[in-house]
Amino acid sequence: MGSSSSYSSFSSSSSSSSALSSSSSSSSTVNNPTCMQCNSNITTLVTGWPLGDGNVAQLCHRCGIFYQEGTFCETFHRNSTGWLECAVCLKKLHTNCIVSRSEVHFTLFGRLCCKVCATKLIRR
């Protein structure tokens, strides 16, 4: 999950803003993106989970680290509904969340498993 995420920097210097505004005759402002989780301005972009519209979630460095480490739901959605346990290792899985959708698997026997346990069961 973490290895596919990417970083890119957004410059907030006035020289890049002035260069952009001087290239057009109309007055325009440069909008830095905001984090989908905490709404802070993003200075270092971390690419998150796929969204339904074909885009991906844009996260700040702080929120992105939780996503990359696989602890996003445990950190931010701890009090939300939809938590079930892996039938094998008993890890808590946030089943009704787009963020952890790739971590939840059903085995051939209809058991809910985390990605690690489902992989082990398939290899047997």
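Predicted model, so just to flag it, every value in this text is computed and none were measured. (Residues numbered from 1 in each chain as written. Predicted model: local features only at pLDDT ≥ 70, side-chain atom pairs only at ≥ 80, totals over all residues. Heavy atoms only, no water.)

Asker: Teacher, can you tell me more about the overall build of the protein here?
Answerer: For the protein, the helix and strand inventory stands at 4 helices and 7 strands. Walking the protein from its N terminus toward its C terminus, one meets helices and strands in the order β-α-β-β-α-α-β-β-β-β-α. Across the 124 residues that make up the protein, the buried fraction comes to 27%. Residue pairs at least 24 apart in sequence account for 34% of intrachain contacts in the protein once pairs closer than 6 positions are excluded. (Helix = DSSP H or I, 4+ residues; strand = E, 2+ residues; numbered from the N terminus. Buried < 20%, exposed > 50% of the residue type's maximum accessible area, 1.4 Å probe, protein only. Contact = heavy atoms within 4.5 Å.)

Asker: Please clarify how the packing of aromatic side chains should be interpreted in this entry.
Answerer: What the rule picks out here adds up to 4 aromatic pairs. With 5.5 Å between their ring centres and 85 degrees between their planes, Phe66 and Phe76 make a pair best called edge-to-face. Taken as a pair, Phe66 in helix α2 (residues 61–68) and Phe76 in helix α3 (residues 72–76) lie far apart in primary sequence, 10 residues in all. Under the relative-accessibility criterion, Phe66 is labelled partly exposed at 24%. (Phe/Tyr/Trp six-rings, centres within 6.5 Å; stacked < 30°, edge-to-face > 60°.)

Asker: What am I meant to see in the confidence of the model for the protein here?
Answerer: As a general rule, the predicted coordinates of low-pLDDT regions are not to be interpreted in detail. Model confidence for the protein is summarised by a mean pLDDT of 74, while 73% of its residues fall at 70 or above. This model gives residues 1–30 a pLDDT under 50, and the stretch forms 33 contacts once residues within four places in sequence are excluded. (pLDDT = per-residue confidence, 0-100.)

Asker: How should the pattern of salt bridges be read in this particular structure?
Answerer: Two side chains carrying opposite charge are able to pair once their charged atoms lie near each other. Counted under the stated rule, the structure contains 1 salt bridge. Note that Glu85 and Lys92 form a salt bridge whose closest N and O atoms lie 3.6 Å from each other. A residue is classified by how much of its surface remains accessible, and Lys92, at 46% relative accessible area, is partly exposed. (Salt bridge = Lys/Arg side-chain N within 4 Å of Asp/Glu carboxyl O.)

Asker: Explanation requested: unusual backbone geometry in the structure shown.
Answerer: Apart from glycine, the bulk of residues carry a negative phi angle, and the bulk of peptide bonds sit in the trans form. Backbone geometry places Asn39, a non-glycine residue, at a positive phi of 65 degrees. Looking at the element boundaries, Asn39 is found in the loop between α1 (14–22) and β2 (44–50). Take Asn39: its relative accessible area is 56%, and that puts it in the exposed class. Although it is not a glycine, Leu90 sits at a positive phi angle of roughly 70 degrees. Note on placement: Leu90 falls in the loop between β4 (83–85) and β5 (92–94).

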